[in-house]
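Here is how the chains run, residue by residue.
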Protein chains: 2
Amino acid sequence: MKAAFMYAAGDVRVEEVPDPVLKAPTDAIVRVVRSCICGSDLHPYHSLPATPEGTTMGHEFVGVVEDTGSEVSSIRKGDFVIAPFAVSDGTCEFCREGLHTSCLHGGFWNDPGIGTQGGQAEAVRVPQADGTLVAVPGIGEDSAHLASLLTLSDVYGTGWHAARTARVGEGDTVAVVGDGAVGLMAVLAAKQLGAEQIILMGRHKARTDLGREYGATDVVAERGDEGIAKVRELTGGRGVRKVLEAVGHLPAYEQSLGIVRDGGTVSRVGVPQYADAQIGWPFFGRNLTLTGGPAPVRGYIEQLLPAVLDGSVDPGKVFDRTIGIDEVPAGYAAMDAREALKVMIRM
Amino acid sequence: MKAAFMYAAGDVRVEEVPDPVLKAPTDAIVRVVRSCICGSDLHPYHSLPATPEGTTMGHEFVGVVEDTGSEVSSIRKGDFVIAPFAVSDGTCEFCREGLHTSCLHGGFWNDPGIGTQGGQAEAVRVPQADGTLVAVPGIGEDSAHLASLLTLSDVYGTGWHAARTARVGEGDTVAVVGDGAVGLMAVLAAKQLGAEQIILMGRHKARTDLGREYGATDVVAERGDEGIAKVRELTGGRGVRKVLEAVGHLPAYEQSLGIVRDGGTVSRVGVPQYADAQIGWPFFGRNLTLTGGPAPVRGYIEQLLPAVLDGSVDPGKVFDRTIGIDEVPAGYAAMDAREALKVMIRM
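Everything quoted here is computed from the prediction, not taken from an experiment.

Asker: Explain helix H8 (residues 224-234) of chain B residue by residue, including any values.
Answerer: All names here are of chain B. Those residues of H8 not exposed but buried are Gly-227, Ile-228 and Val-231. All buried residues of H8 lie within an arc of 100 degrees about the axis, which places them on one face of the element. Within H8, the exposed residues directed more than 90 degrees away from the buried face are Asp-225, Glu-226 and Glu-233. Of the surrounding elements, those touching the buried residues of H8 are strand E12 (197-201), strand E13 (218-220), strand E14 (240-245) and helix H9 (250-259). Among the residues trailing H8, Gly-236 stands out with phi positive, at a value near 60 degrees.

The structure is reproduced here in structure tokens:
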């Protein structure tokens, strides 16, 4: 089969590798139907040191189960499944509480810990298949919902996590920092949770237009002090009660502190590309809360699925380009150049 | 009257100054009955640069109203009152939401913004008297409750804030970092809110003994990696769900990250003596929440008062030394040398 590998910053290649095989009785083999490239894949695309053996890529996919280990009981060959971006057993104390990303027997795709490649491949060995995969009955490979179902692997659940950990509720004022796919999904989630004012901070008109479709009431293209002034102007000088930060770079965090109201919450779902940052008096003195993290999307899929299937939401619109597996290197380049918002891979 | 001034690190003096007078129609003059020295007063005691004009000190006091401005309506001459550590008007949008420390017309004692000295003085001009002061009917200057009432100025409300912002609830596992007065009050608050396991981290036996009286189920004297290992040992390897950080120095924050369970919350009420600190992947990846801040104690007084007055709690035990105003410099030295837990000043 074919799979994508990254060998260094900017160096993505598609190679022929052996098909995956079952290794543990809790494994499943999934033939990938749709996969995609994530904004977070661009972080190594900018910074990965030269890696002679290459690293497998991708962590979002939907597909069809081809084989299951002897201990797999909840899914079976032929099932159409959604794979969340983290592997989880579904039974440990963290999974039972809904924090699947801290699963005691789980891990992240492409991580040596779980020893399997991610979704930018024609097939994937899925550890802890019973806990990890969600079967969706009645979905065929020609379903009109494939793109939206694929967002449940990561970006929709991640946007939902941002809004949920920020405790967005009826009548809330919210700002979303970043107009990437996760930012747009955070807009959608805030809208679904009842936010009244949703300010989307982004400067790419096609994206912010889609953000308006998902529920943004205002768009602020300015950044830095100008952006802060604009958000404050839109909120009676006070700032918003909830900031959903969907970028991960330090300026986005600093922007978030500038636009949040005293007593408010900054929820980050962009993977931070920094270690230390300001949490001294300018943060503390205003009684701010910092929350968020990698989304336990596994726990959100059942909740978000019905609205996807009945068409009342259409998160799949974040995919504005579809490519084949051989074009994955070009897909990275297009997302990096911001020519594409989010690239779907059709296998 | 006499008032304490700090002129530099370690240099506290008591001086004769003019009695305060009403300046605004919303002011009151309060004759101080009891005041005290705060753990946070030790921060400038360690670091204040030479200040030729000196700075007034103190932010906790109870006393008797001597005079009120023409617009003061809810308190009157002769009332026994508690003064929270922040001035607030009680009517702005933040006060109405219970975030009195962000009051649009408030401020902190000894701050040029509100232009009045704090509680380490025989009398104080209180701005925004209606919003700031809480009258307690039936309390005389010989009341047995004076010490406990004084804790409602700051430390009890601050410990309560730590537990409340961490959302401590029934059956929770909690660790309190720091065995100062605020840490001990955080133990009491966690107990009142239903925590099942309360681990107090501190190494001063007299203090941790009082902590056990307030509800600590375990005491960990070790610090750093050893302390982290000990707390994890006490919690099945996972850490506690809620950490109440009552110190303010960077190692206490780092300790907090080490002992908190994935998905848990660190609530800080120790004023951070640092600006930047770790909030990168080691924080984000575990879905931690950071919250807390200066406590809006004004909003907690009515709630905490009944248990103080009926004697079911005795927060006043944190005062283990009582001095007169002339002994304030010695009081600072005693707290700094950890000979005294918290020093009360009897006027």
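Asker: Lay out a negative patch on the surface with the relevant residues and their values.
Answerer: Together, Glu254(A), Asp276(A), Glu254(B) and Asp276(B) line one region of the surface with negative charge. Along the chain, Glu254(A) falls in helix H9 (residues 250-259). By relative accessible area, which is 46% here, Glu254(A) ends up partly exposed.

Asker: Explain the environment of Tyr274(B) to me, using residue names and the numbers behind them.
Answerer: For Tyr274(B), the position within the fold is in the loop between strand E15 (260-268) and strand E16 (276-278). Given the relative accessible area of 10%, Tyr274(B) is considered buried. As a C-alpha pair, Tyr274(B) and Gly138(B) span 136 residues in sequence and 43 Å in three-dimensional space. Beyond its immediate chain neighbours, meaning those up to four positions away, Tyr274(B) contacts Ile279(A), Gly280(A), Trp281(A), Glu245(B), Gly248(B), His249(B), Leu250(B), Tyr253(B) and Arg268(B). Polar contacts involving the side chain of Tyr274(B) include one to the side chain of Arg268(B), which spans 2.9 Å.

Asker: Can you lay out the pairing of strand E18 (residues 321-324) of chain A for me, pointing to particular residues and giving the numbers?
Answerer: Residue and element names in this part refer to chain A. Sheet analysis places E18 next to strand E19 (residues 343-346), joined by 4 bridges and oriented parallel. Looking at the pairing, Arg-321 lines up with Val-343 of E19. Crossover E18 to E19 through helix H12 (residues 328-336) is right-handed.

Asker: Describe in detail the pairing of strand E17 (residues 289-292) of chain B, supporting the description with residues and values.
Answerer: Residues and elements named next belong to chain B. Every second residue of E17 is oriented toward a common face, with Thr-289 and Thr-291 on one face and Leu-290 and Gly-292 on the other, all of them buried. As paired elements, E15 and E17 share 4 bridges and run parallel to each other. Along E17, the bridge assignment pairs Thr-265 with Thr-289.

Asker: How would you summarise unusual backbone geometry if you had to cite specific residues and measurements?
Answerer: Located in the positive-phi region is Asn110(A), a residue other than glycine, with phi close to 70 degrees. Tracing the sequence through the fold places Asn110(A) in the loop between strand E8 (107-108) and strand E9 (123-126). Of note, Gln128(B) is a non-glycine position whose phi angle comes to about 45 degrees, a positive value. Tracing the backbone through its elements, the reader meets Gln128(B) in the loop between strand E9 (123-126) and helix H3 (129-132).

Asker: I'd like to hear about the interface of chain A and chain B, residue by residue, with values.
Answerer: Taken together, the 41 residues of chain A in the interface contact 41 residues of chain B. Carbon and sulfur atoms make up 54% of the area that chain A and chain B hide from each other, which totals about 3,400 Å². Ranking the residues of chain A by area buried against chain B places Ile279(A), Phe284(A) and Asn287(A) at the top, with a combined share of 21%. Connecting chain A to chain B are 8 salt bridges. With a shortest N-O distance of 3.0 Å, Arg261(B) and Glu97(A) are connected by a salt bridge. Counting the contacts that link chain A with chain B gives 28 residue pairs in polar contact (both at pLDDT 80 or more). Within the residue set of the side of chain A that touches chain B, elements represented by two or more residues are helix H2 (93-96), strand E15 (260-268), strand E16 (276-278), helix H10 (281-284) and strand E17 (289-292) of chain A. Tallied by class, residues from the side of chain A that touches chain B come to 18 nonpolar, 13 polar and 10 charged.

Asker: Got a sec to walk through the pattern of salt bridges? Specific residues and values, please.
Answerer: The tally for this structure, following the rule as stated, stands at 32 salt bridges over all chains. With its nearest N and O atoms 2.7 Å apart, the salt bridge here joins Glu93(A) to Arg238(B). With Glu93(A) in helix H2 and Arg238(B) in the loop between H8 and E14, the pair connects residues from two separate chains. Among the residues examined, Arg238(B) registers a relative accessible area of 25% and is labelled partly exposed. Within this structure, Glu93(A), Glu97(A), Arg238(B), Arg241(B) and Arg261(B) form a network of salt bridges that share partners.

Asker: Residue-level account of the packing of aromatic side chains, with values.
Answerer: All names here are of chain A. Considering all chains together, one arrives at 14 aromatic pairs over all chains under this definition. Taking the centre distance of 5.3 Å and the plane angle of 65 degrees together, the rings of Phe-61 and Trp-109 count as edge-to-face. Here the residue Phe-61 occupies a position in strand E5 (residues 61-68), and Trp-109 occupies one in the loop between E8 and E9, the gap between them amounting to 48 residues. On the accessibility criterion, Phe-61 (1% relative accessible area) is buried.

Asker: Describe the side chain of Asn287(B), with residues and values.
Answerer: The residue Asn287(B) is located in the loop between helix H10 (281-284) and E17 in this model. On the accessibility criterion, Asn287(B) (6% relative accessible area) is buried. A distance of 3.5 Å separates the side chain of Asn287(B) from the side chain of Thr101(A), its partner in a polar contact. Leave out the neighbours within four places in its chain, and Asn287(B) touches Leu99(A), Thr101(A), His161(A), Gly292(A), Gly293(A), Pro294(A), Gly263(B) and Gly264(B).

Scoring rules and cut-offs
- Residues numbered from 1 in each chain as written.
- Chains lettered and ligands numbered in written order.
- Predicted model: local features only at pLDDT ≥ 70, side-chain atom pairs only at ≥ 80, totals over all residues.
- Heavy atoms only, no water.
- Buried < 20%, exposed > 50% of the residue type's maximum accessible area, 1.4 Å probe, protein only.
- Helix = DSSP H or I, 4+ residues; strand = E, 2+ residues; numbered from the N terminus.
- Arc of directions from axis to C-beta.
- Contact = heavy atoms within 4.5 Å.
- Patch = residues over 30% accessible without salt bridge, like charges linked within 9 Å, V, L, I, M, F, W, Y side chains within 5 Å.
- Areas by Shrake-Rupley, 256 points an atom, 1.4 Å probe, with all protein chains shown as cover.
- Salt bridge = Lys/Arg side-chain N within 4 Å of Asp/Glu carboxyl O.
- Lys, Arg positive; Asp, Glu negative; His and termini not counted.
- Charge placed at Lys NZ, Arg CZ, Asp CG, Glu CD.
- Polar contact = N/O pair within 3.5 Å; in protein donor to acceptor, adjacent residues only side chain to side chain.
- Pairing = 2+ DSSP bridges.
- Right-handed = clockwise from strand over helix to strand, strands pointing away.
- Buried area = accessible area lost by both parts, 1.4 Å probe.
- Nonpolar A, V, L, I, M, F, W, Y, C, P; charged D, E, K, R; others polar.
- Phe/Tyr/Trp six-rings, centres within 6.5 Å; stacked < 30°, edge-to-face > 60°.

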